[in-house]
Amino acid sequence: MTELFIRLIRRPQGFVGVALVALVAVACLFGPALAPYAPEKIDFLGRFRAPGWQNWLGADQFGRDILSRLMVGARSTVPMALIATFVGSAAGAIIGVGSAYLGGRTDEAIMRTNDAVMAIPGLLMALLLVSTLGNGAGNAVVAIAVAFAPGMARVARSVALNVRNQDYVKAAIARGEGAGWIIFREMLPNVMAPIVIESTIRVSFAVMLFATLSFLGVGAQPPASEWGLMVADARQYMYQAPWGLIAPSVAIALTAIAFNLLGDGLRDVLNPKDER
Amino acid sequence: MTPALAIQNYTLDYVTAAGPVRVLHEISLEIRPGEVLGLVGESGSGKSSLAWALMRHLPDNAREVAGSLRLGDVDLRRLSPRELTKIRGRRIGMVFQDPSTSLNPTLTIGRQVTETLTQHRGLKQSEADALAIDLLGHVDLRDPAAIMRRYPHEISGGEKQRVIIATAFGCRPDVILFDEPTTALDVITGARILELFARLREETGVAALYISHDLALVTRVADRVAVLKRGRLVEQAPAADIFRAPRHADTQALVQAVPRPERRLVHDKSSEEVLLSASDIEVHYGRASLFGHAPPPATKSVGLDVRAGEILGLVGESGSGKSSMARALTGLARFSGRVCFDKHVITSARDMNAAYRRDVQIIFQHPDSSLNPRHKVGEILSRPLKLYGGTADEIPRLLEQVRLPASYAGRWPHQLSGGEKQRVAIARAFAARPKLVICDEITAPLDVSVQAQIIELLLALRAETGTAFLFITHDLNLIRQIAHRIAVMRRGEVVDLLPVEDFDADHVHPYTRELMAASPVPVG
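Parameters at a glance
- Residues numbered from 1 in each chain as written.
- Chains lettered and ligands numbered in written order.
- Predicted model: local features only at pLDDT ≥ 70, side-chain atom pairs only at ≥ 80, totals over all residues.
- Heavy atoms only, no water.
- UniProt positions renumbered as here; feature names shortened; annotations may be inferred.
- Helix = DSSP H or I, 4+ residues; strand = E, 2+ residues; numbered from the N terminus.
- Phe/Tyr/Trp six-rings, centres within 6.5 Å; stacked < 30°, edge-to-face > 60°.
- Lys NZ or Arg CZ within 6 Å of the ring centre and 35° of its normal.
- Axes fitted to C-alpha atoms, helices over the stretch in contact; angles between N-to-C directions.
- Parallel < 35°, antiparallel > 145°, perpendicular 65-115°, else oblique.
- Left-handed = near helix turned anticlockwise from the far one by under 90°.
- Contact = heavy atoms within 4.5 Å.
- Nonpolar A, V, L, I, M, F, W, Y, C, P; charged D, E, K, R; others polar.
- Pairing = 2+ DSSP bridges.

Draft legend 1. Main features of the UniProt feature "transmembrane region" (unreviewed entry) in chain A. Sequence positions flagged by UniProt for "transmembrane region" (unreviewed entry) are, in local numbering, residues 12–35, 80–104, 116–134, 140–156, 201–221 and 241–263 of chain A. Strand forms 0% of residues 201–221 of chain A and helix 71%; the C-alpha atoms that close the span are 27 Å apart.

Draft legend 2. Region of the structure containing the UniProt feature "domain: ABC transmembrane type-1" (unreviewed entry) in chain A. Under the feature "domain: ABC transmembrane type-1" (unreviewed entry), the UniProt entry names residues 74–263 of chain A. Along residues 74–263 of chain A the backbone is 83% helical and 0% strand, and the end-to-end C-alpha distance reaches 20 Å.

Draft legend 3. Examining the packing of aromatic side chains more closely. This structure, assessed with the given rule, holds six aromatic pairs over all chains. Taken together, the ring pairs in this structure connect Phe178, Phe197 and Tyr210 of chain B into an aromatic cluster. Residue placement shows Arg383 of chain B over the ring face of Trp181 of chain A; its charged tip is 3.4 Å from the ring centre. The lysine or arginine in question, Arg411 of chain B, covers the ring of Tyr408 of chain B, its NZ or CZ lying 4.3 Å from the ring centre.

Draft legend 4. Structural detail: the packing of helix α5 (residues 122–133) of chain A against helix α6 (residues 137–164) of chain A. All names here are of chain A. With their axes 8 Å apart at the nearest point, α5 and α6 run at an angle of 140° to one another. Relative to α6, the element α5 lies oblique. For the pair α5 and α6, the crossing hand works out as right-handed. Mapping the contact onto sequence places Gly122, Met125, Ala126, Leu129, Val130 and Leu133 in α5 and Asn139, Ala140, Val142, Ala143, Val146 and Ala147 in α6. Here the residues of the contact of α5 with α6 sort into 10 nonpolar, two polar and no charged.

Draft legend 5. Up close: the sheet that holds strand β7 (residues 175–179) of chain B. Residue and element names in this part refer to chain B. With mixed pairing, six strands are arranged side by side in an open sheet as β6-β7-β8-β3-β9-β10. Every other strand in the sheet has two partners, leaving β6 (92–95) and β10 (232–238) as the edge strands with one partner each. Each strand of the sheet is rotated relative to its neighbour by a mean of 20°, with strand direction disregarded. Two strands pair when backbone bridges link them, and strand β3 (residues 36–41) and strand β8 (residues 207–212) are joined in this way by five bridges, in the parallel orientation. Directly across from Gly38, in β8, lies its bridge partner Tyr210. Where helix α8 (residues 187–204) meets the sheet, it contacts β3, β7 and β8, and its direction lies at approximately 160° from that of β8.

Below you can see the structure in the form of structure tokens.
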């Protein structure tokens, strides 16, 4: 594990990815404690204050400090995206591996249904679900997880089909093991590496999707300092105070890039053929 | 006379994360023009590294410490990449182990053969085509003009190897390196390739380095044999002598390990009581789809019976349906027909209850893939104990039974060697205390010496437990050492089922005789 980590931070994209993710993690864990102001403290004298010594990243239409809001808002953006990705990936992996194990017509039925769900674009799917389930951060998480599961099932199945043909799976079938044991203990551990990589890359999509949902007004609700919501709020004042728009956008982009780079680095490091 | 190929004090290291590892220690070898030198060694002895060094195609982490490699009057180590392309294929040819990966799947056979000819012999395309047809005809390929237009997947493995040999001989090289050219082929095809090699060699007088792990085979094709052990040359002798009078202890061990049909290892008689009888077994792969018929069954109403405590051999070339039988009997493949085991009648995999699954165990060919890489040895062995009754306390006993230290329970499969992995797979099968163990080519991927140890272990386990074996193999010499009866399969049918003593008799099936003729019996 430590050796893996050392190899990860030795390559440039791995190092940048780890550093940025660490920064985001610090904001999530200690954001409220480190923030210079309370996120909802209104200062009417400081409306649209430009970035400077008082408000490092400027202030919004109510004079709220943008840096503080970003730091506190990390907590309602990034963990949500992580949870959504984790739930979606886990569900997708189990569907994919199970489908590969069952094979034959069951596999066909599961995968064609999966294809049908995949044909709906992710954002549309998420919007559809949130509008049925109702607005709110929790429902947005469910919607993103459901939108992610089919893609993950596809990736997991393709790897699991190889594993299915390995003799250790045949040996387990021959000695009469149950389906649960074979799927969870024999096959899943051997398809984990590509799933872990795929899901780190997907975290960045989830961050963006979650921000998009909040931007459209169906995710987190005001006065939460969720990043997508901050972009939506600042949109009207774009010409007066562009910093209100730029700061949360950059935060979203940086987080997405961080997880993307981490995923790329992990893909290289976890590849056993890579001996460098 | 200058030797065709001379290797002097050649020493090679591989640089790894743990420091340099020496793979070849001061190797000195000479091949005279027209001579075939056999190079024998276990896997990991460095024989392929030597071949790649001669082809000047070593991996990036290789460091040549000392020594020289001379091809006639050329020092191979001093050549620039540009000069090397003129030597490779032109003066030094190579035939690889696996013909299926050494031809480019996207080019026609004709393109691949003529490319070498136009490159090295400066022929025009039309001349090269004519010569290529000539060469392919010369390696006994039927209708060479048609073969030229085909792609590699449209011809068989034996035909591919013939194409590669034709290409290697096509530029009339001084030396050809053969790296286990028959290992990936089945017995009869391999034997024909060897005949072809002997004929071409007589005609062209080419010098060759023939690399193999099979000492018996090498003594038949080579004039002289060199034995390599962990990167050191331990013995060099004329082929006829090395078998009769091996001097070095390692060579003696290699000679001892070669299976010989006349040296029986099992001396008892099996009982008459039938343990498992299978009749009319047809194994089906794939199903009929909406627009097509199901493929024909892999076996055609095969009948077999295994007696209690017996070793029944099942031999045949690849594709003869012998592994399909193993899959059917363990419920891994769909089959029709009847299996009668212990007064219990089975007509499909669903009828196989826990008792049958416990009593009939299977050991697979590749130990790398039959042990889950994410489970420790202890966990692998605990599963059958949990399923069939038993406690984890038995794991040390199971490991001891297959001659492995009890501490191996804490190891991962990738930390074991091929032979040790196969021992773990054997322990897993015997954890169930089975009445019948199906061994599906379990020694095929192992070296001859490791194979001998595994066979010894199986026979010891049989003496302890009285288990019957269905031993599937393509090695007729090996199975004639241990089996009570042998079934010969060909194209999904059993053509012969004979007690082992009758194999020298006259009433064997012509195919069985062909199979026996193709199995290399050691010289001397």
